[in-house]
Amino acid sequence: MKTEARITEINTHASASGATIIPLQVTPRPAARRRLLRPLLQRAIPGCCGLLLLLLVWQIAAICSKGFPTPYATWQAALTLFADPFYNEGPNDQGIGWNVLASLQRVAIGFGLAALAGIPAGFLIGRFTFLARMFNPIIALLRPVSPLAWLPIGLLLFQRAEPASSWTIFICSIWPMVINTAEGVRRIPQDYLNVARVLNLSEWTVMRKILFPAVLPAVLTGVRLSIGIAWLVIVAAEMLTGGLGIGFWIWNEWNNLNVENILIAIVIIGVVGLLLEQGLMLLARRFSWDK
């Protein structure tokens with residue numbers, strides 16, 4: 001700071017006397033560079049250590065277990081797999097890219113329907129005590145049911161595998177949105193509702209102007225939890241229903257004894273799920289700012 005003040009003083013006197021001002025470039029100090037690099041290193045070094053530990057455990061498991069692929073063998077298989085991820089040689093022989101897109105499409109359908117039904121239901125349950133007392137026992141009964149238990153019901157109702165998978169995602173991902181939205185409505189300060197009552201606002205205006213802005217962070221939290229459940233459920237559902245999708249692709253690779261491809265699919269599932277959740281977390285932070 002003293003150096004910058006001295007440079008400013010010199011330039012001021014030079015300008016007053018009519019002399020030529022030569023701009024001076026101040027290089028960052030080593031201490032400033034260290035302060036910039038320290039947060040990055042504090043995040044990168046533990047992450048690299050965890051990755052190295054995972055690879056070490058993986059290598060030991062491959063040595064101790066017959067038929068289990070090493071990290072290097074899996075890497076070589078990944079290079080071959082991703083050389084052409086969108087090839088199409090028939091309904092039962094398509095690239096990994098098409099399978100991931102098919103799974104994402106099913107997740108989008110089931111998750112979208114769950115959001116359209118679950119968020120308004122959460123508002124109503126949180127707003128009206130009668131509805132809460134009526135639906136809370138049903139939610140408590142159905143929420144712990146395993147996703148695979150819903151799949152036969154979907155097959156019976158729709159008589160087809162495609163709607164049954166979306167139905168399973170819908171019924172399993174709706175509960176976090178209903179519960180978080182209802183809880184967010186219940187936590188709204190009573191003063192907000194008293195003001196609305198004094199102003200004689202309609203119920204629709206209360207929902208749109210008061211409840212929704214205040215409950216939006218809780219809604220986004222429920223959405224973030226639901227997308228993780230939806231992506232988790234689709235893999236198990238596709239293993240049983242078959243067709244195009246990452247779940248059935250894993251089962252098919254197991255039948256062909258391509259364990260390397262199964263490990264690659266596990267990594268892909270984890271990366272896609274992480275990206276979906278991180279995207280919704282960024283959205284939640286964007287709407288949770290205190291303005």
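What counts and what doesn't
Residues numbered from 1 in each chain as written. Predicted model: local features only at pLDDT ≥ 70, side-chain atom pairs only at ≥ 80, totals over all residues. Heavy atoms only, no water. Helix = DSSP H or I, 4+ residues; strand = E, 2+ residues; numbered from the N terminus. Contact = heavy atoms within 4.5 Å. Areas by Shrake-Rupley, 256 points an atom, 1.4 Å probe, with all protein chains shown as cover. UniProt positions renumbered as here; feature names shortened; annotations may be inferred. Buried < 20%, exposed > 50% of the residue type's maximum accessible area, 1.4 Å probe, protein only. Salt bridge = Lys/Arg side-chain N within 4 Å of Asp/Glu carboxyl O. Phe/Tyr/Trp six-rings, centres within 6.5 Å; stacked < 30°, edge-to-face > 60°. Axes fitted to C-alpha atoms, helices over the stretch in contact; angles between N-to-C directions. Parallel < 35°, antiparallel > 145°, perpendicular 65-115°, else oblique. Left-handed = near helix turned anticlockwise from the far one by under 90°. Nonpolar A, V, L, I, M, F, W, Y, C, P; charged D, E, K, R; others polar. Arc of directions from axis to C-beta. Patch = residues over 30% accessible without salt bridge, like charges linked within 9 Å, V, L, I, M, F, W, Y side chains within 5 Å. Core = buried A, V, L, I, M, F, W, Y, C linked by side-chain atoms within 4.5 Å. pLDDT = per-residue confidence, 0-100.

For the rest of this paragraph, the subject is the overall build of the protein chain. When helices and strands are tallied, the protein chain shows 11 helices and zero strands. Secondary structure elements of the protein chain, listed N to C terminal, follow the sequence α-α-α-α-α-α-α-α-α-α-α. Across the protein chain, contacts joining residues at least 24 apart in sequence account for 66% of those joining residues at least 6 apart. A total of about 18900 Å² of accessible surface is found on the protein chain, and carbon and sulfur atoms cover 67% of it.

Per the UniProt record, "transmembrane region" (unreviewed entry) is annotated on residues 40–61, 107–126, 229–250 and 262–284. Segment residues 107–126 splits into 100% helix and 0% strand. End C-alpha atoms: 27 Å apart. In residues 229–250, helix accounts for 82% and strand for 0%; the two terminal C-alpha atoms are 19 Å from one another.

Time to look at unusual backbone geometry. A positive phi angle, near 60°, is found at Q159, a position not held by glycine. Following the sequence through the fold, Q159 ends up in the loop between α6 (147–158) and α7 (161–186). Given a relative accessible area of 61%, Q159 falls into the exposed group. The backbone phi angle of L257 is positive, close to 60°, even though this residue is not glycine. Here L257 shows up in the loop between α10 (246–255) and α11 (259–287).

Taken as a whole, this structure holds five salt bridges when the rule is applied. For the salt bridge of R187 with E183, the shortest nitrogen-to-oxygen distance reads 3.2 Å. Taking relative accessible area as the criterion, R187 reaches 67% and is therefore assigned exposed. Connected through shared salt-bridge partners, R106, E162 and E238 make up one network.

This part covers the packing of aromatic side chains. By the definition in use, this model includes four aromatic pairs. Judged by centre distance (5.2 Å) and plane angle (85°), the ring pair of F86 and W98 falls under edge-to-face. Of this pair, F86 sits in the loop between α3 (71–81) and α4 (96–127) while W98 sits in helix α4, placing them 12 residues apart in sequence. Judged by relative accessible area, W98 falls into the partly exposed class, the value being 34%. Residues F158 and W167 carry aromatic rings whose centres are separated by 6.4 Å and whose planes lie at 55° to one another, so their mutual orientation is tilted. Look at F158 and you get partly exposed, because its relative accessible area is 37%. Overall, the relative accessible area of 17% leaves W167 in the buried class.

Time to look at the packing of α4 against α7. At their nearest, the axes of α4 and α7 sit 6 Å apart, and the two run at 30° to each other. With respect to their mutual orientation, α4 and α7 come out roughly parallel. In this structure, the crossing between α4 and α7 has a hand that is right-handed. Its residues placed into classes, the contact of α4 with α7 shows 18 nonpolar, eight polar and four charged.

Turning to α3, a few remarks are in order. Residues of α3 that are buried: P71, T74, A77, A78 and L81. Each buried residue of α3 sits inside an arc of 120° when the element is viewed along its axis, so together they form one side. The outward face of α3, more than 90 degrees from its buried face, is lined by the exposed residues Y72, W75 and T80.

What follows covers a nonpolar patch on the surface. A contiguous nonpolar surface patch, about 640 Å² in accessible area, is contributed by L148, M239, L240, W251, W254 and L257. Every element with two or more residues in the nonpolar patch is listed here: α9 (203–241) and α10.

The next thing to look at is the nonpolar core. V107, F123, L211 and I246 are the most contacted members of the largest nonpolar core, which has 53 residues in total. Where this core is concerned, the elements lending two or more residues are α3, α4, α5 (129–142), α7, α8 (190–198), α9, α10 and α11. Ranked by residue count, the leading element in this core is α9, at 14 residues.

Take the environment of A236 next. If you trace the backbone, A236 turns up in helix α9. Using a relative accessible area of 26% as the deciding quantity, one classes A236 as partly exposed. For the pair A236 and P147, spaced 89 residues apart in sequence, the C-alpha to C-alpha distance is 8.4 Å.

The share of residues in the protein chain with pLDDT of 70 or more is 86%, and the mean pLDDT across the chain is 81. In the model of the protein chain, helix α1 (residues 2–17) stands out as the element of lowest mean pLDDT, 54, in contrast to α5, which has the highest, 91.

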